[in-house]
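# Commentary on secondary and tertiary structure
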Amino acid sequence: MSEMKFKVLKPDEAPIPKRMVDSLVIHHSASGRSTTPWEIEKWHKARGFREIGYHFVIIAQGNVYFGRDIEKIPASVKGHNKGTIAVCCSGNFSEMRADTPFHPQFIALGRLVNVYVDAIPGLKIVGHRELANTECPGLNVDLDRMRAYFRALKNLEL
Ligand SMILES: [Zn+2]
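Rules and cut-offs
- Residues numbered from 1 in each chain as written.
- Predicted model: local features only at pLDDT ≥ 70, side-chain atom pairs only at ≥ 80, totals over all residues.
- Helix = DSSP H or I, 4+ residues; strand = E, 2+ residues; numbered from the N terminus.
- Rg over C-alpha atoms; globule rule 2.2 N^0.38 Å.
- Contact = placed C-beta atoms within 7 Å.
- Pairing = 2+ DSSP bridges.
- Axes fitted to C-alpha atoms, helices over the stretch in contact; angles between N-to-C directions.
- Parallel < 35°, antiparallel > 145°, perpendicular 65-115°, else oblique.
- Nonpolar A, V, L, I, M, F, W, Y, C, P; charged D, E, K, R; others polar.

## Let's talk about the overall build of the protein
In terms of regular secondary structure, the protein is built from 3 helices and 6 strands. Shown N-terminal to C-terminal, the secondary structure of the protein runs as helices and strands in the order β-β-α-β-β-β-α-β-α. At 14 Å, the protein has a C-alpha radius of gyration in line with the 15 Å of a compact globule built from 158 residues. Principal-axis analysis of the C-alpha atoms gives the protein an extent of 40 × 35 × 30 Å.

## Describing the environment of Ala86
If you trace the backbone, Ala86 turns up in strand E5 (residues 84–89). Sequence spacing of Ala86 and Leu24 is 62 residues, and the spatial spacing of their C-alpha atoms is 5.9 Å. Residue contacts for Ala86: discarding those within four places in its chain leaves Val25, His27, Gly53, Tyr54, His55, Pro74 and Ser76.

## Topic: the sheet that holds strand E3 (residues 56–58)
With mixed pairing, 6 strands are arranged side by side in an open sheet as E1-E4-E3-E5-E2-E6. In this open sheet, the two strands that pair with only one neighbour each are strand E1 (8–9) and strand E6 (124–127). Bridge count for strand E2 (residues 23–28) against E6 is 4 bridges, and the pairing is parallel. Note that in E6 the partner of Ser23 across the bridge is Lys124.

## Some details on the packing of helix H2 (residues 104–119) against helix H3 (residues 143–153)
Between H2 and H3, the least distance of the axes is 9 Å, while the angle of their chain directions is 75 degrees. When the axis of H2 is compared with that of H3, the two are roughly perpendicular. Contacts between H2 and H3 involve Gly110, Val113 and Asn114 on the former and, on the latter, Tyr149, Phe150 and Leu153. Class assignment of the residues belonging to the contact of H2 with H3 gives a composition of 4 nonpolar, 2 polar and no charged.

Next up, the structure:
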């Protein structure tokens, strides 16, 4: 197990992968807002994964946890894992509102996304449901609006 696994990091400390990456995929946990990476790893192991499928888990309070090593291909979207970084936000955004962009969880997500947007030219930011038949990251997440928010966040000091 990587010594970084399940450690909390500041978004701007996020490691830049050496492997080829062209997109970052956003998920929700479809569970409680404070679902921890340990819980998610337990679910993923029960589904036969070796370990947690996501590289990062962001809980409601805005803490960003490392999951799978950034150099490893994630297990996040069947058939679309190679070349991706996988990030999961704790919560069920089909059930709860997601239009609270100044919530610490979305600020942390935006900062993390922007680290990779700056480091990886042409990086695409996508929601799970844009790649597969799922509600993930939640029907209440307007993905275009979220991407606009990430771009706006680059110019804000919060
Ligand atoms: Zn998902």
